[in-house]
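# Notes for the structure review
Single-letter residue listing:
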Amino acid sequence: MTAIKFGTDGWRGIIAEDFTFANARIVAEAIARYVVRGEDARKGVIVGYDQRYASDTVAGEVAETISSTGTPVWLTDRPCPTPAVSYLVRERGAAGGVVVTASHNPYRWNGIKYKASYGSSALPSIVAQIENELDFVESTNIPVLPARTQLIHSLDPRKPYLHALDKLVDWERIRKSRFRFAFDAMYGSAAGLLPELFLRHGITCDEIRGTRDPRFGGAHPEPIEPHIAPLQQAVIAGKYDAGFAADGDGDRIGAVDRSGAFVNPHQIFSLLVWHLAGMRNLPGDVAKTFSVTKLIDKLAAKLGRKVHEVPIGFKYICELMLERNILIGGEESGGIGTSLYLPERDATVSALFLAELMAWHGGSLGELLDALHKDFGEHHYGRVDIDATAQQKAAAMAWFSDGNAGNILEWPVAGRETMDGIKLYLGSIGWVMVRASGTENLLRVYAETSEKESTRRVLQAVADRIQKT
């Protein structure tokens, strides 16, 4: 088995420990071997990178490694969000794409994502082939071929990407609403994109944390609380109607209501299902990962849409979007994709649709959520990430799976599902779930109930139980 393993969306490691130039070249060589064997390598590979330490230098090494196989490479001339690379892959008919990024991980991490020829996450079957190539490269120590730099070309990723996004929403409706927006780039590679799109159409969208800072201001570049606090403060201080945020590589969205209240990814996904399937009445089913709110199921049932539930990882949603008519798919972490654009997560696209939704109804995100809760009941979600040893992980999963967890606090366990992790249904109030992270040494605990306090209590009780093992 190789020491370099792909998680739910590529390979990540700690800079200068796991993530080294040597390991990046090994991953690039494995990807290049897959492209030569599994795709039409003559169509070339797009290589992009984010704002992290040495991402641009690593991207250059990746480009040279891929070029050594005779495969043309288009290397972006600046940092860009991951979905921009996905779009360029499909728009140019490339064989695939590589992004040097660790997404929402802390600054000490970096990684490599592979985007397949259809412009999204690699399917599990493709990941398996790349991992087979990784095993081969590491076990054989084959000589490294010299780079063929004449095959490496520079590419501006912004212009074609923004041109595509500009066509997605009703700009006249948004402009007439006179809503004002703030955008938090979290020092990531989506900086400047949403403000430029709004500015083109005379709509206010002011940006914070839009400069490059490889340390991300000391916070994690993940658009959830508490990392999103600067946006909450900016929205209140500037009296904006909403605030949007993107993670470090621009594929996950976060949002803030005009009151400063955080709008979590489940609520964002629910609002977008309501807008696209309900208000706009666009055709197609809904896909969601195993840890996503049950509000989606209720919404879809009312709108006459089938819900497809898949394991955690956007690659599973992508697989469905390629096989079926899926209007929108989303995951717990804020990654949402729609058939109106690409089978791919994109924070900027999600923000555009949220702005259109607000303009459509003339209301704030908080007011729209209140309307959903009035129709479908309240759904309060929470998540706790626990640093856990291998022993703690094994003990926790065993406790959840073998029937020992007959009750969580005063609520009896009424059912159990094991699609990806273990989910326990707590009477009629909701559910709690435990799953080991695919990319970090973490045990994740998720819960959703009908009350904020009961969700907090359930999360605390399960976290305490895990930490005592």
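The numbers attached to residues start from 1 for each chain and follow its sequence in the written order. A pLDDT threshold of at least 70 governs which residues receive local features in this predicted model, and a stricter bar of 80 or more applies before side-chain atom pairs are shown or counted, although totals over entire chains, interfaces and linings include all residues. For side-chain calculations, the full set of non-hydrogen atoms in the structure is used, while hydrogens and water are omitted.

## Side note on the overall build of the protein chain
- The helix and strand tally for the protein chain stands at 15 helices and 21 strands.
- On the principal axes, the C-alpha backbone points of the protein chain span a range of 65 × 55 × 40 Å.
- The burial tally for the protein chain puts 60% of its 469 residues in the buried class.
- Residue contacts are defined here by distance: any two heavy atoms, one from each residue, within 4.5 Å place the two residues in contact. Intrachain contacts of the protein chain at a sequence separation of at least 6 include 69% that bridge at least 24 residues.
- Taken together, the 52 basic and 57 acidic charged side chains of the protein chain have centroids lying 2 Å from each other. Comment: elements are numbered from the N terminus, with helices defined as DSSP H or I runs of at least four residues and strands as E runs of at least two. Accessible area is worked out with a 1.4 Å probe on protein chains only. A residue is then buried under 20% of its type maximum, exposed over 50%, and partly exposed in between. The sign given to each residue is positive for Lys and Arg and negative for Asp and Glu; His and the chain ends receive no count. The atoms used to mark charge sites are NZ of Lys, CZ of Arg, CG of Asp and CD of Glu.

## Notes on the environment of Leu-327
- Looking at where Leu-327 falls in the secondary structure, it is placed in strand β14 (residues 326-330).
- As a C-alpha pair, Leu-327 and Pro-265 span 62 residues in sequence and 18 Å in three-dimensional space.

## Points about the packing of aromatic side chains
- Note on ring pairs: Phe, Tyr and Trp rings are taken, using the six-membered ring of Trp, and paired if centres are within 6.5 Å. Classes follow the plane angle, with under 30 degrees stacked, over 60 edge-to-face and the rest tilted. Counted according to the given criterion, the structure contains nine aromatic pairs.
- Ring geometry for Phe-179 and Phe-181: centres 6.4 Å apart, planes at 70°, overall edge-to-face.
- A positively charged side chain is recorded as over a ring if its NZ (Lys) or CZ (Arg) lies within 6 Å of the ring centre. The angle to the ring normal must also be within 35 degrees. The residue whose ring lies beneath Arg-173 is Trp-360, and the NZ or CZ to ring-centre distance is 4.2 Å.

## Some points on the pattern of salt bridges
- Salt bridge, as applied in this entry: a Lys or Arg side-chain nitrogen positioned within 4 Å of an Asp or Glu carboxyl oxygen. On inspection of all chains with the given rule, the structure shows 32 salt bridges.
- Taking the shortest distance from any N to any O, the salt bridge between Lys-115 and Glu-344 comes out at 2.9 Å. Of the two residues, Lys-115 sits in strand β5 (residues 109-115) while Glu-344 sits in the loop between β15 (336-338) and α12 (347-361), which places them 229 residues apart along the sequence. Considered together, Lys-115 and Glu-344 belong to a single accessibility category, that of buried residues.
- Note that Arg-258 and Glu-367 form a salt bridge whose closest N and O atoms lie 3.9 Å from each other. Note that Arg-258 is positioned in the loop between β10 (253-257) and β11 (262-263) and Glu-367 in helix α13 (residues 365-376), a separation of 109 residues in sequence.
- Overall, Arg-258 belongs to the partly exposed group, its relative accessible area being 33%.

## What about the packing of helix α3 (residues 82-92) against helix α5 (residues 158-165)?
- Interhelical geometry of α3 versus α5 gives an angle of 90° and a closest axis separation of 10 Å. As summarised for this structure, α3 and α5 are arranged roughly perpendicular, according to the angle between their axes. Where α3 abuts α5, its residues Pro-83, Ala-84, Tyr-87 and Leu-88 lie against Pro-160, Tyr-161 and Ala-164.
- Residues of the contact of α3 with α5, tallied by class, amount to seven nonpolar, no polar and no charged. Between the N-to-C directions of two axes lies an angle of 0 to 180 degrees, each axis being a line fitted to C-alpha atoms and, for a helix, fitted only over the stretch in contact. We call two directions roughly parallel when the angle between them is under 35 degrees, roughly antiparallel when it is over 145, roughly perpendicular when it lies between 65 and 115, and oblique otherwise. Throughout this entry, Asp, Glu, Lys and Arg are counted as charged residues, while Ala, Val, Leu, Ile, Met, Phe, Trp, Tyr, Cys and Pro are counted as nonpolar. The remaining residues, Gly among them, count as polar.

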